[in-house]
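Close look at the chain arrangement
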There are 2 protein chains.
Amino acid sequence: MFYLIGLGLGDATDITVKGLEVVKNAKRVYLEAYTSILTDGKEKLEEFYGREVILADRDMVEQQSEELFRDADKEDIAFLVVGDPFGATTHSDLVIRAKQSGVQYRVIHNASILNAVGCCGLQLYTFGEVVSIVFWMDTWKPDSYYDKIASNCHRGLHTLCLLDIKVKEQSIENLMRGRKIYEPPRYMRVREAASQLLEILDKKKSEGVEIAFTENTICVGLSRVGADNQKIVSGTLRELSETDLGEPLHSLVIAGHMHPLEIDMLREFAVDPTTFDKYSEAHCVG
Amino acid sequence: MFYLIGLGLGDATDITVKGLEVVKNAKRVYLEAYTSILTDGKEKLEEFYGREVILADRDMVEQQSEELFRDADKEDIAFLVVGDPFGATTHSDLVIRAKQSGVQYRVIHNASILNAVGCCGLQLYTFGEVVSIVFWMDTWKPDSYYDKIASNCHRGLHTLCLLDIKVKEQSIENLMRGRKIYEPPRYMRVREAASQLLEILDKKKSEGVEIAFTENTICVGLSRVGADNQKIVSGTLRELSETDLGEPLHSLVIAGHMHPLEIDMLREFAVDPTTFDKYSEAHCVG
């Protein structure tokens, strides 16, 4: 059996009892290491499981699935994914290939940021479509996620923004020269994402577009959700562009209409309660 | 410390290692018993934890929080919630009251249907707003969720429909007479939800409204996600209104635009691959 096991968010102990049981008895244990991270790395996981863990990078998962599936007809293979196996990224493709190879699979679910974001007090059923904010490069500054956020704002819905992760990326020079030298991993911070959004707002305004949210729109920054040192702050988009939330992973929420209960809860995390009170009023319904 | 601990979906072993540790050492352990259920009941949980578990109904959580919080300044109290503590329902209100009472709290996250629904192969970042489908009564047939589904459909987004749960409800007669006699729990099935949607479509058509989806729209029915006997089926809305998915809990998804990979995966669960191929084409983009 090929097991896709969610590790949840936080540290090694956020695995489920059911998941840990499989890990302890599996023939091989892989850790998918390119779409998210825990506060604990490979070594800590190995210590906690009492098992060797094999890092699986994108190449391995996408190109060498026959190696992942080897003996899965006779033995249990564990494939670990931070969050939920079908969370922010999808491993549907792997599942389809497993089926095509005649390999049976099972999923052991866990928390992902898509539901854990509820810890900030915004209600999950008033979130709209999720967006991904990617790192800008000198010559490539995509802003198509603005339209999705705008569409959510118009409907009064909150938007969860997943922030970019660059793991095992090559510089253009190394790529061109075919050198397998990788850049250090990069994780987008809330501060950077908020700054990009402010820049997009300026651009839209200069183009005469009526903007769907402003620098004073209430947002929430979250870092290391589920870990002991998680951080949640609320404030205006401008404030969040100036707030340091420490180590990754970070996520950003742009608030839509808010119920008074949501405002009460979010206020507890305000960078500055005075600006929060001033600008949260505009979000209030009911 | 007051711990809100997600139990995930499925059975007792879907709790996280971190959560189980707290449960084993807490002074008192409450189980929130009115917004969702596991396949394991109170007795099985007690056996697995080796602890007494106190059922907390809505009255207790909403009216008697001082009892829940008693000694939480000195001891650990565990409050267990099926899924994630901030999943389908919100316990923000409880958290705000904890803060007001000077009680510190922590959240131990877990899977909820909001992210676990990804197991059907539809990508989580192309879901729109979640809707709740409620039981109709003879004289009260709300259909306001139709507009939300329609709005998601127009944007090409999938819609997760959470299906109604009635626990500890009184009949109108018992309510009027002040008798604390409760009806047996009721859990809406996919079949019923699909039938209600068909009825709403008929009504809209008879009113001359241009409908956003039809009886041939591809939908997904899921039951007992995370449990050993989970079931996933895909088919038209009409087909799902005629499909039995067994014991609760059930959820229903109305598919929006689909990537070919989503269609490939969903096809694996088709009630009837022929109708699936016929009607999934209309959903295809890319």
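In this text the structure is predicted, and so the values were computed from the model without any measurement.

**Remarks on the overall build of chain A**
Summing up its helical and strand segments, chain A has twelve helices and twelve strands in all. The C-alpha atoms of chain A give 21 Å as radius of gyration, which agrees with the globular expectation for 286 residues (19 Å, within 12%). The dimensions of chain A, computed from C-alpha atoms along their principal axes, are 60 × 45 × 30 Å. Burial analysis of chain A (286 residues in total) assigns 56% to the buried set. Long-range pairs, those at least 24 residues apart, make up 73% of the contacts in chain A with a sequence separation of at least 6.

**Here we look at unusual backbone geometry**
Between A:Pro248 and A:Leu249 the backbone carries a cis peptide bond, its omega angle lying at -5 degrees. Within the secondary structure, A:Leu249 sits in the loop between α10 (237-240) and β12 (250-254). One non-glycine residue, B:Arg224, adopts positive backbone phi at about 50 degrees. Considering the arrangement of structural elements, one finds B:Arg224 in the loop between β10 (218-223) and β11 (231-236).

**As for helix α11 (residues 260-267) of chain A**
Regarding α11(A), the residues found buried are A:Glu262, A:Ile263, A:Met265 and A:Leu266. Within α11(A), the buried residues cover an arc of 165 degrees as seen down the axis, which keeps them to one side. For α11(A), the elements touching its buried residues are β10 (218-223), β11 (231-236) and α12 (273-280) of chain A together with α5 (92-100) and β5 (105-108) of chain B.

**What about the domain arrangement of chain A?**
Residue and element names in this part refer to chain A. With domains assigned, chain A is organised as domain 1 (2-111) and domain 2 (114-283). Distance between the C-alpha centres of domain 1 and domain 2: 28 Å. Facing 14 residues of domain 1, the contacting portion of domain 2 comprises 15 residues. Summed over both partners, the interface of domain 1 with domain 2 comes to about 940 Å²; 64% of that surface belongs to carbon and sulfur atoms. Summed over the shared surface of domain 1 and domain 2, the result is zero salt bridges. Summed over the shared surface of domain 1 and domain 2, the number is zero residue pairs in polar contact (both at pLDDT 80 or more). Taken together, the residues that form the side of domain 1 that touches domain 2 break down as six nonpolar, five polar and three charged.

**Looking at the packing of α11(A) against α5(B)**
Angle between the axes and distance between the axes: these two values describe a pair of packed helices. In the contact formed by α11(A) and α5(B), the axes pass within 10 Å of each other and the chain directions differ by 45 degrees. When the interaxial angle is binned, α11(A) and α5(B) end up oblique. In the crossing of α11(A) with α5(B), the sense of the turn from one axis to the other is left-handed. Within the contact between the two elements, α11(A) uses A:Leu261, A:Asp264 and A:Met265 and α5(B) uses B:Ser92, B:Asp93, B:Val95 and B:Ile96. The residue makeup of the contact of α11(A) with α5(B), split by class, is four nonpolar, one polar and two charged.

**Details of the sheet that holds strand β6 (residues 131-133) of chain A**
Residue and element names in this part refer to chain A. Spatially, the five strands line up as an open sheet ordered β6-β7-β12-β10-β11, and their pairing is mixed. Each of the sheet's edge strands pairs with one partner strand only, and the pair in question is β6 and β11. Strand-to-strand twist in this sheet, taken as the mean axis angle between neighbours without regard to direction, amounts to 25 degrees. In terms of strand pairing, strand β7 (residues 159-163) meets β12 through four bridges, oriented antiparallel.

**Focus on the relation of the copies chain A and chain B**
Note on the identical chains: chain A maps onto chain B by a rotation of 180 degrees and an axial translation of 0.0 Å, with an RMSD of 0.0 Å. Such a combination of rotation and displacement between the chain copies is what one expects of a two-fold axis. Looking at chain A, 100% of its interface residues are interface residues in chain B too, so the copies touch through the same face.

**Some remarks on the interface of chain A and chain B**
Often, the extent of an interface is quoted as the loss of accessible area on bringing the components together. Facing 51 residues of chain A, the contacting portion of chain B comprises 51 residues. Taking both sides of the interface into account, the surface hidden between chain A and chain B amounts to around 4200 Å²; carbon and sulfur atoms contribute 57%. Counting across the interface, chain A meets chain B through ten salt bridges. The partner of B:Lys18 in a salt bridge is A:Asp11, with the nearest N and O atoms 3.6 Å apart. Summed over the shared surface of chain A and chain B, the result is 22 residue pairs in polar contact (both at pLDDT 80 or more). Among the elements that line the side of chain A that touches chain B, the one with the most residues is helix α5 (residues 92-100) of chain A, at five residues. Within the side of chain A that touches chain B, the residues separate by chemical class into 22 nonpolar, 16 polar and 13 charged.

**Some points on the sheet that holds β11(B)**
Residues and elements named next belong to chain B. If you trace the five strands from one edge of the open sheet to the other, you get β6-β7-β12-β10-β11, paired in mixed fashion. Each edge of the open sheet carries a strand with a single partner, namely β6 (131-133) and β11. The mean angle between the axes of side-by-side strands here comes to 25 degrees, regardless of whether they run parallel or antiparallel. Running over the sheet, helix α7 (residues 145-154) touches β6, β7 (159-163) and β12 (250-254) and is turned about 140 degrees from β6.

**What about the packing of aromatic side chains?**
Per the counting criterion, the structure on display carries eight aromatic pairs over all chains. Ring geometry for A:Phe2 versus A:Phe69: centroids 5.0 Å apart, planes at 90 degrees, classification edge-to-face. Remark: A:Phe69 occurs in helix α4 (residues 65-69) and A:Phe2 occurs in strand β1 (residues 2-6); sequence separation between them is 67 residues. Both residues of the pair, A:Phe2 and A:Phe69, count as buried. In textbook terms, an aromatic cluster arises when at least three aromatic residues are bridged by ring pairs, as seen for A:Phe2, A:Phe69 and A:Phe79. Its guanidinium or amino end placed over the ring of A:Phe269, B:Lys99 lies 5.0 Å from that ring's centre, counting from NZ or CZ. Note that B:Arg186 overlies the ring of B:Phe135, its terminal NZ or CZ placed 4.0 Å from the centroid.

**Re the pairing of β7(B)**
Residue and element names in this part refer to chain B. The buried count for β7 comes to five of five residues, which makes it a mostly enclosed element. Burial of the side chains of β7 extends over both faces: Thr159, Cys161 and Leu163 are buried on one face and Leu160 and Leu162 on the other. In this fold, β6 hands off to α7, which returns the chain to β7; that crossover is right-handed.

Reading the values: rules and limits
- Residues numbered from 1 in each chain as written.
- Chains lettered and ligands numbered in written order.
- Predicted model: local features only at pLDDT ≥ 70, side-chain atom pairs only at ≥ 80, totals over all residues.
- Heavy atoms only, no water.
- Helix = DSSP H or I, 4+ residues; strand = E, 2+ residues; numbered from the N terminus.
- Rg over C-alpha atoms; globule rule 2.2 N^0.38 Å.
- Buried < 20%, exposed > 50% of the residue type's maximum accessible area, 1.4 Å probe, protein only.
- Contact = heavy atoms within 4.5 Å.
- Arc of directions from axis to C-beta.
- Domains from an automatic or database assignment.
- Buried area = accessible area lost by both parts, 1.4 Å probe.
- Salt bridge = Lys/Arg side-chain N within 4 Å of Asp/Glu carboxyl O.
- Polar contact = N/O pair within 3.5 Å; in protein donor to acceptor, adjacent residues only side chain to side chain.
- Nonpolar A, V, L, I, M, F, W, Y, C, P; charged D, E, K, R; others polar.
- Axes fitted to C-alpha atoms, helices over the stretch in contact; angles between N-to-C directions.
- Parallel < 35°, antiparallel > 145°, perpendicular 65-115°, else oblique.
- Left-handed = near helix turned anticlockwise from the far one by under 90°.
- Pairing = 2+ DSSP bridges.
- Least-squares fit on C-alpha atoms with pLDDT ≥ 70 in both.
- Phe/Tyr/Trp six-rings, centres within 6.5 Å; stacked < 30°, edge-to-face > 60°.
- Lys NZ or Arg CZ within 6 Å of the ring centre and 35° of its normal.
- Right-handed = clockwise from strand over helix to strand, strands pointing away.

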